[in-house]
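# Secondary and tertiary structure notes
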Amino acid sequence: MRARKRRNDPGADYLSDALTLLGGWTRDGVQLRRDLACDDSQHAALTERIKVAADTLAIRPMIRRVDGHTQICLGDRDGEAITDGEVTLAARIEDFYRTVLDHP
């Protein structure tokens, strides 16, 4: 899932447009965050899928397990902005999550 850059509107924030398509993700400064409900085996399957995609995109997400939820954070706190790669990974994570929940 990728948002198109608006060529006729140089001030358009295409990353914000892309984020509106990703339900559940929140933007916290220069980070994207998501909290996903899943059991331990779903967490393990989801984490493995995320690691493969993250390695391909050269992104290091923070993934942790808290109270029956998987918390994911994309982006560097010291970074300058959310990148299109991080938004791409967020979209991939949504796909992985749906797949993991449908196929326990």
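Here's what I pulled together on the structure shown here. The shown structure was predicted, so the numbers you read here are calculated from the model rather than taken from an experiment.

Here is what the cut-offs are and how they apply
Residues numbered from 1 in each chain as written. Predicted model: local features only at pLDDT ≥ 70, side-chain atom pairs only at ≥ 80, totals over all residues. Heavy atoms only, no water. Pairing = 2+ DSSP bridges. Helix = DSSP H or I, 4+ residues; strand = E, 2+ residues; numbered from the N terminus. Salt bridge = Lys/Arg side-chain N within 4 Å of Asp/Glu carboxyl O. Buried < 20%, exposed > 50% of the residue type's maximum accessible area, 1.4 Å probe, protein only.

This brings us to the pairing of strand β4 (residues 69-74). Where strand β2 (residues 31-37) lies against β4, six bridges are found, and the strand directions are antiparallel. Residue pairing across strands places R33 opposite C73, the latter belonging to β4. Where strand β3 (residues 62-66) meets β4, five bridges bridge the pair, whose relative direction is antiparallel. Bridging from a neighbouring strand, M62 pairs with C73 of β4.

To continue, consider the pattern of salt bridges. In total, this model carries five salt bridges according to the counting rule given. Among the salt bridges present, the one from D40 reaches R65, with a minimum N-O distance of 3.0 Å. Of the two residues, D40 is situated in helix α2 (residues 40-57) and R65 in strand β3; the sequence distance between them amounts to 25 residues. Accessibility expressed as a relative area gives 28% for R65, which makes it partly exposed.

In this section: unusual backbone geometry. Positive phi values are uncommon outside glycine, yet A58 reaches one of about 55°. Locating A58 in the fold gives a position in the loop between α2 and β3. The phi dihedral of D67 falls on the positive side, at around 50°, and the residue is not glycine. As for its position among the elements, D67 is in the loop between β3 and β4.

From the geometry alone we can't say anything about function, so treat these as descriptive.
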